[in-house]
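Observations on the three-dimensional arrangement
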Amino acid sequence: MPRSSRDEEFSAFVQARRTGLVRSACLLTAGDTHLAEDLVQTALARLFVAWPKVRRAGTESAYVWRIIVNAHIDEVRRPGRRRERHLPELPESPAPPEVFPDGLGGGEVRAALAALPPGMRAAVVLRHWLDLSVEETAELLNCSEGTVKSQTAKAAARLRDLLSPAVVERTYP
Amino acid sequence: VNDLKDLLELALSDAPGPGERADPAGDLARGRRLLRRRRLTALAGVTAAVLCGVLVPLALQGSGPAAASHPAAAASSHPQPSHPQPSHLRRARPRPVSSPRRSSWSRGSGRSRPVTG
């Protein structure tokens, strides 16, 4: 099939951004890489459909993130998902876990992230991982700026509450 | 607990990664498939709308002359008013006049009973 300029531009975008998108989507899914991959695939397919319009507006990243966040919330709300069983620990670890100086591991952080509601998690990831402003985050999540601020503050407090016992236990066994 | 960004980085540090390869061919194929499906859906919708717009008037036109070719069947023996009359203009149907029944009351008995005749 002949490659149009649309294909070329889209391929360049995917080449440059795909890995970062999947890694960030992993945070949104609290470590579920398969779901993160699904979300990114869905978002990129829809981006291709809307590519001329989105490219003209120069809002590729925002468009992709909006789709990823909405698709994730839809996925979490899906009734079939409620019957699936979530394990608190990954069954196997491919590499020795990296730990913080205070002894915190990545698995514990992912478990704490999984305990947050999906909207709150999305606010944290967009605001603190992607470094978006409050306005951009509010626009992406389709909520007010006040909601973004309160959600991120609540998420930080909740993570602190969830992770403090683990830190204390490791520091003072 | 340190800065949130460090915490999020830690969450990704030992997570199974997506792999370093970013092959756009698969995403391109999925995007093309979705685009083709949407175009087909849109085309089907437009076709259905045009067909409805053409066929419904044709069907209505077709039923018009058929009804006009039998005027006798259409006309009824008792013409009805084209629209209902308002209630205040409606008159009560006159009842057939009958002779009034005379009654006389018998006196003297303990019970009062009309005697007809």
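Residues numbered from 1 in each chain as written. Chains lettered and ligands numbered in written order. Predicted model: local features only at pLDDT ≥ 70, side-chain atom pairs only at ≥ 80, totals over all residues. Heavy atoms only, no water.

1. Considerations on a negative patch on the surface
Residues and elements named next belong to chain A. For clarity, the cut-off: A patch consists of residues exposed above 30% relative accessible area that lack any salt bridge, with like charges linked at up to 9 Å and nonpolar side chains (Val, Leu, Ile, Met, Phe, Trp, Tyr) linked at up to 5 Å. What sets the accessible areas is the Shrake-Rupley method with a 1.4 Å probe; for residues, cover comes only from the shown protein chains. What counts as a salt bridge is simple: a side-chain nitrogen of Lys or Arg found within 4 Å of a carboxyl oxygen of Asp or Glu. In this count, Lys and Arg are taken as positive residues and Asp and Glu as negative ones, while His and the chain termini are left out. Think of each charge as sitting on NZ of Lys, CZ of Arg, CG of Asp or CD of Glu. Helix numbering and strand numbering both begin at the N terminus, where a helix is a DSSP run of H or I of at least 4 residues and a strand a DSSP run of E of at least 2. For every residue, the accessible area (1.4 Å probe, protein chains only) is compared with the maximum for its type, and the residue is labelled buried under 20%, exposed over 50%, or partly exposed between those bounds.
There is a patch of like negative charges on the surface, built from Glu135, Glu136, Glu139 and Glu145. With 3 residues, the single largest contributor to the negative patch is helix α7 (residues 134-141). Assignment of secondary structure puts glutamate 136 in helix α7. For glutamate 136, a relative accessible area of 42% corresponds to the partly exposed category.

2. Some thoughts on the side chain of glutamate 60 of chain A
To keep it simple, the criterion reads: Polar contacts, as counted here, are pairs of nitrogen or oxygen atoms within 3.5 Å of one another; within protein the pair requires one atom able to donate a hydrogen and one able to accept it, and residues that are adjacent in sequence qualify only if both atoms are side-chain atoms.
Within the element layout of this structure, glutamate 60 of chain A appears in helix α4 (residues 60-77). Of the polar contacts made by the side chain of glutamate 60 of chain A, one reaches the side chain of arginine 55 of chain A; its length is 2.9 Å.

3. Some details on unusual backbone geometry
Residue and element names in this part refer to chain A. Of note, alanine 30 is a non-glycine position whose phi angle comes to about 55°, a positive value. Within the element layout of this structure, alanine 30 appears in the loop between α1 (5-28) and α2 (33-49). With relative accessibility at 15%, the residue alanine 30 sits in the buried group. We note that asparagine 142 has phi near 60°; this positive angle belongs to a residue other than glycine.

4. Re a nonpolar patch on the surface
A surface patch of nonpolar side chains, amounting to about 540 Å² of accessible area, comprises Val46, Val50, Leu51, Val54, Leu55 and Leu58 of chain B. Here leucine 55 of chain B is to be found in helix α2 (residues 24-68).

5. Side note on the layout of surface pockets
All names here are of chain A. Where we set the bar: Here a cavity means grid points, on a 1 Å grid over the protein atoms only, where a 1.4 Å probe fits yet cannot get out; a pocket means an open set of points with protein on both sides within 12 Å along at least five of seven lines; lining residues are those with an atom within 4 Å of a point. Grid points are joined across faces, edges and corners, and a volume is the space filled by probe spheres set on the points.
Of the pockets and cavities examined, the second largest pocket occupies roughly 320 Å³. As for the second largest pocket, its lining consists of 15 residues, and the residues nearest its centre are Ser61, Ala62, Trp65, Leu132 and Leu140. Per element, the largest residue contribution to the lining of the second largest pocket is 5 residues, and it comes from α4.

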